[in-house]
Amino acid sequence: MKFFVTVVLTAIVSFALGMYMPWWSIAIAAFGVAVLIPQRPGKAFWSGFLALFFLWGLLALYIDVKNEHILSQKVAELIIKSRSSSLIILLTAFIGALVGGLSALSGAYLRKSR
Amino acid sequence: MRPLPFLVSAIITVSLLFVLNKKLGQAPPIGNFLSPQHGFWQNAEPADADYNDELKLSGLKDDASVYIDDRLVPHVFTKNESDVYFIQGYLHAKFRLWQMEFQTHAAAGRISEILGENPKILNFDREQRRLGMVYAAERSLQVAEADSATREINDAYTAGVNAYITQLKERDVPLEYKLLDYLPEKWSNLKTALFLKYMSKDLAGGEYDFEYTNAKSLFSAEEFEKLYPLAADSLDPIVPKGTLFTDNAVALTIPVNADSLYFAKKDSVNIIESKPDPDNGSNNWAVSGKKTKSGYPILCSDPHLSLNLPSLWFEMQLSTPSYNAYGVTFPGAPAVIIGFNDSCSFGFTNAERDVRDYYEITFRDSTMSEYLFNGKWKTTQWRVETIRVKGRPDFIDSVAYIPEFGPVMYDRKFTGNNRANGKNYYACRWKAHDPSNEIKIFVGLDKAKNYNDYAEAIKNLHTPGQNCVFACKNGDIALWAQGEFPAKWKDQGEFVMPGMDSSYMWQAMIPQEQNPHQYNPERNFVSSANQLPVDVKAYPYYLGGSYPLYRGIIINRRLAAMDSGSVTAEDMMKLQTDNYNVFAEYTRPLLLKYIDESVLNDVEKKYLEIVKQWNLRNDPNEKGPAIFNLWYDSLQVKTFGDELGKSTYPLHWPEASTLSEAIARDPGFSFLDDIRTSHKETVVDIVTYAFKTIIPSLQNTEANNKLAWANFKDTRVNHLTKQVALSRLHLPIGGGNHIINATKVDHGPSWRMIVEMTPQTNAYGIYPGGQSGNPGSKYYDMFVDDWVVGKYNKLWMMKASEKNDKRIKWVMKFSKSSNH
């Protein structure tokens, strides 16, 4: 339950900060939530990872469907040399997740005494 | 806290953020670029995007409405003229901001600032500065600012662009800014002037002074004349042969020492300039009401330019209480450029005249602080160009200016990628350096009610010289080959000229009224396709230059053959997209006459048969054009390659018509012989050998299924950055060089327009792009496929009363902000 709350809260705070701050505000969100809600480092990592994986993945998916894949195909060709929308969505989700996970891990270590 | 794991984890996290936030090589900062709330995803416009908007902006004088139709064409209705330019600026920025800025950065030699350290790009930037692009724009701006009407237009346009930029959030900037990692800056009237100079360079930057100088030292005067004849035999000029011209031409003095210091001087210049595309050209014509079915004139215009995404053009209607104009506009400048209003229509083709010459300057020493002029040492002026380079210190380039001529483009400090010898000093005299007010032409045409208004408006056109076609609902048609052109003595400026005194300077400009023109001619049409404007024997001024020949011939032939009272807009569409190859009509009989079939094997005969059977049309599926083109190219190489190969210096290849006409005139044409062999080759030897040489390449092409003309040519529309992912490739379209449908690889009809000047105007047009410059919008390349197959969009001059028409999809309401 705590894990689930952390994931949801991280996603919500990331989204809110992202509306006003640069992209790296997701790191602040994941870090902050991990400090606020103590979890074991491993769990904290996965909650940050999953929160941003779903947030960035689902946002990208939603935008992509509304856009009828016009831009995702072009950008995919540009940076991963394949016209695959799904791959670029996965890459987006993974980059967000990596930042989220590592930031949450740092937060967990800051909070945890032993 | 667990200090060690925290430290390790924090360091890894911060390093990751750092890497993801930084531009690595060509790749954009990947964290920001992929962020769905900041990066490229924000540019992925919903397919059902809503363009309705209500804007309160200071800078507007009154309320205004913009009705946007189903093709994303804005119809702007304002209550005064100033507001129409303000909103035009706003909309250009909304739909095309990146390209407007990029093109003006390119004009100003500021690409290093965006792309960072790269010797080629720095060289480009330096060349732009040294050509005096910024200097020219500043001088034109002074004139524009001194004219209160133009200033008001420019100020309103700039304010409109900036009203958009000011409210633009970083996450909403166009995709290209995110890819290249920079941000837009504010617009200014100077940027508008720079954009117009960008067009001037594209259209009035063509000459072969250095190449001809080299050829002069390599060939005798007689040989030179054969390689680069002044006019082709088959020329059908813009103003027909037989027309009489004034005999009160400006008298010109040929320098007394011209024979020794100029014509006979053997000198070589190892410079390859960056040049505009030699294919920059266009077609335009107008047919009088006597020829048309409706009884009213029809005007057609299709400018041939580099085909890019986002397109150079943006379609708009500008409607004010004083005038109402529709057509294509330049994102980067106010007014409608090619289009029509409620009375008149207008279009342009390039005049192709040589208005850029080089002078060799004698400096006292290598500091270049004093130069010799009319027997005295005079003090050089300097202009310091600061080129910013992303991530590096500025590059400072001091450019010497000779007031009598212009900037010293090439010197010891700048050889153009080691292309110049670095010993001589060449100053550039370019007509585009002279101040002019181009905005006045377009605004004047947008408002023109009759021939006199048109004739008055185009007088403002100095550079780039254009053949301006005109048609009016009152029945008038006209065409002026307009520009401010230097009056030159024969061969003046074909070669690098001595710059030690005033004797080689331009002595006068051709008086405007002596520019070639036609007004309601007897043949009931006017036309131009970049050919020589006149019969050179009859016109009192030397024209020089290099002019395409064949499109003019076929357009005039077709128009002349159309019966009176028959011509419709559909006929004009067919003509504008016609793929008939008149060059091949002249040349194929020569090739077939001189090829020796007895020495051909079966494979060779098979390909020859295709050429024989070819219907002379460059349609997408024809196989004849590829074989014919390869054959003729091969023939040119076999004919001229040996002579031109004698020099390592840059030389200009003769025009395509030169060899064809030479063989038609004299099969013993001296250049046919291969001077590297002891044997004397005849036309039969060379034509046959040229054909045999292309067979391996033909077999290869056929094996790859590329013999069909569209596959062979492989037309594409490039994104301005040449990124393949953002371009449109492999377009199945015919046409090509010498053909009315002048579609080449990435160059061709950038806007096709047909306007029937009936009481209720009927107009059609299309360009190979789309109204949105955003690669993430479905409107980005919306017109490309229709353009390929020769379809047109109906151009709708909307009336204010039609705001509920079903074609209107969105409304942008502009109101003036009360804070000001």
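How each quantity is defined
- Within every chain, residues take consecutive numbers counted from 1 along the sequence as written.
- Going through the entries in the order they are written, you letter the chains from A and number the ligands from 1.
- Totals for whole chains, interfaces and linings use all residues, but because this is a predicted model, local features are given only for residues with pLDDT of at least 70 and pairs of side-chain atoms are given and counted only at 80 or more.
- Helix and strand definitions here come from DSSP, where helices need a minimum of 4 consecutive H or I residues and strands a minimum of 2 consecutive E residues; each element is numbered from the N-terminal end.
- Here the expected span of a helix is defined as 1.5 Å times the quantity of residues minus one.
- Residues are called buried when their C-beta atom has 20 or more other C-beta atoms within 10 Å, exposed when it has 12 or fewer, and partly exposed otherwise; all C-beta atoms are positioned from the backbone.
- Note that contacts rest on C-beta atoms placed from the backbone: two residues are in contact if these are within 7 Å.
- An axis is simply a line fitted to the C-alpha atoms; with a helix, the fit covers only the stretch in contact. Between two such axes, the angle follows the N-to-C directions and lies from 0 to 180 degrees.
- Every angle not falling under 35 degrees, over 145, or within 65 to 115 is termed oblique; those three ranges are roughly parallel, roughly antiparallel and roughly perpendicular.
- Take the far helix as your reference; a near helix turned counterclockwise from it by less than a right angle gives a left-handed crossing, and one turned clockwise gives a right-handed crossing.
- Amino acids are sorted into nonpolar (Ala, Val, Leu, Ile, Met, Phe, Trp, Tyr, Cys and Pro), charged (Asp, Glu, Lys and Arg) and polar (every other residue, Gly among them).
- Predictor confidence is given residue by residue as pLDDT, running from a minimum of 0 to a maximum of 100.
- When DSSP locates at least two bridges between a pair of strands, those strands are taken to pair.

Caption draft 1: Spotlight on helix α2 (residues 25–36) of chain A. The end-to-end C-alpha separation of α2(A) is 16 Å, in line with the 16 Å expected for 12 residues at 1.5 Å each. Of the residues making up α2(A), those classed as buried are A:Ser25, A:Ile26, A:Ala27, A:Ala29, A:Ala30, A:Phe31, A:Val33 and A:Ala34. Against α1 (2–20), α3 (41–66) and α5 (85–111) of chain A together with α1 (3–20) of chain B lie the buried residues of α2(A).

Caption draft 2: Structural context of the packing of α5(A) against α1(B). The contact between α5(A) and α1(B) brings their axes to 8 Å, and the two run at 155°. Here α5(A) is positioned roughly antiparallel relative to α1(B), judged by the angle of their axes. Seen along the crossing, α5(A) lies across α1(B) with a hand that is left-handed. Mapping the contact onto sequence places A:Ile95, A:Leu98, A:Val99, A:Leu102, A:Ser103, A:Leu105, A:Ser106, A:Tyr109 and A:Leu110 in α5(A) and B:Pro5, B:Phe6, B:Ser9, B:Ala10, B:Ile12, B:Thr13, B:Leu16, B:Leu17 and B:Leu20 in α1(B). Looking at side-chain class alone, the contact of α5(A) with α1(B) contains 14 nonpolar, four polar and no charged residues.

Caption draft 3: Structural view of the interface of chain B and chain A. Taken together, the contact pairs 34 residues of chain B with 35 residues of chain A. Looking at the side of chain B that touches chain A, the elements that each hand over two or more residues are α1 and α2 (30–34) of chain B. Take the side of chain B that touches chain A: its biggest share by element is nine residues, from α1(B). When the residues that make up the side of chain B that touches chain A are grouped by side-chain class, the tally is 20 nonpolar, 11 polar and three charged.

Caption draft 4: Region of the structure containing the confidence of the model for chain A. In the predicted model, chain A carries a mean pLDDT of 95, and the fraction of residues at 70 or more is 97%. At the level of individual helices and strands, chain A shows its lowest average pLDDT in helix α4 (residues 70–80) of chain A, which scores 95, and its highest in α3(A), which scores 97.

Caption draft 5: Quick peek at the pairing of strand β19 (residues 477–482) of chain B. All names here are of chain B. For β19, the tally of buried residues reaches six of six residues, placing the bulk of the element in the interior. Along β19, one buried face is formed by Ile 477, Leu 479 and Ala 481 and the opposite face, lined by Ala 478, Trp 480 and Gln 482, is buried too. Pairing between strand β18 (residues 466–472) and β19: six bridges, direction antiparallel. Bridge pairing in β19 places Ala 471 opposite Ile 477. One ladder, built from three bridges, connects β19 with strand β23 (residues 517–519); its direction is antiparallel. Counterpart to Trp 480 in the pairing with β23 is His 517.

Caption draft 6: Structural view of helix α21 (residues 683–693) of chain B. For α21(B), the set of buried residues is B:Val683, B:Ile686, B:Val687, B:Thr688, B:Ala690 and B:Phe691. Residues of α21(B) that are buried in the fold lie against α17 (582–594), α18 (602–613), α19 (624–644) and α20 (656–665) of chain B.

Caption draft 7: Main features of the confidence of the model for chain B. In the predicted model, chain B carries a mean pLDDT of 95, and the fraction of residues at 70 or more is 98%. Predicted complex, confidence summary: ipTM 0.98, pTM 0.96.

Caption draft 8: Molecular detail of the pairing of β18(B). All names here are of chain B. Counting buried residues in β18 gives seven out of seven residues, a clear majority hidden from the surface. In terms of strand pairing, strand β10 (residues 344–350) meets β18 through seven bridges, oriented antiparallel. Bridging from a neighbouring strand, Thr 349 pairs with Asn 467 of β18. From the end of β18 to the start of β19, which pair antiparallel, there are four residues, and Gly 475 there has a positive phi angle of about 105°.

Caption draft 9: Representation of unusual backbone geometry within the structure. All names here are of chain B. In this chain, Leu 309 is followed by Pro 310 through a cis amide linkage whose omega measures -10°. A cis amide bond links Thr 463 with the next residue in sequence, Pro 464, at an omega value of -5°. Structurally, Pro 464 can be placed in the loop between α14 (451–458) and β18. With phi around 80°, Ala 335 is a residue other than glycine that occupies positive phi space. A positive phi angle is found at Asn 524, which is not glycine, with a value near 65°.

Caption draft 10: Layout of the sheet that holds strand β26 (residues 728–731) of chain B. All names here are of chain B. As summarised here, the arrangement of the three strands in space is β6-β25-β26, forming an open sheet in which the pairing is mixed. Each edge of the open sheet carries a strand with a single partner, namely β6 (308–309) and β26. When strand β25 (residues 715–719) meets β26, the two strands line up antiparallel, connected through two bridges. When the sheet's bridge partners are listed, Val 717 is paired in β26 with Arg 728.

Caption draft 11: A look at the sheet that holds strand β21 (residues 497–498) of chain B. Residues and elements named next belong to chain B. With respect to topology, six strands assemble into an open sheet ordered β14-β15-β16-β17-β11-β21, the strand pairing being mixed. Each of the sheet's edge strands pairs with one partner strand only, and the pair in question is β14 (381–387) and β21. Strand direction decides the pairing type here: strand β15 (residues 395–402) and strand β16 (residues 406–410), joined by two bridges, are antiparallel. Counterpart to Tyr 401 in the pairing with β16 is Pro 407.

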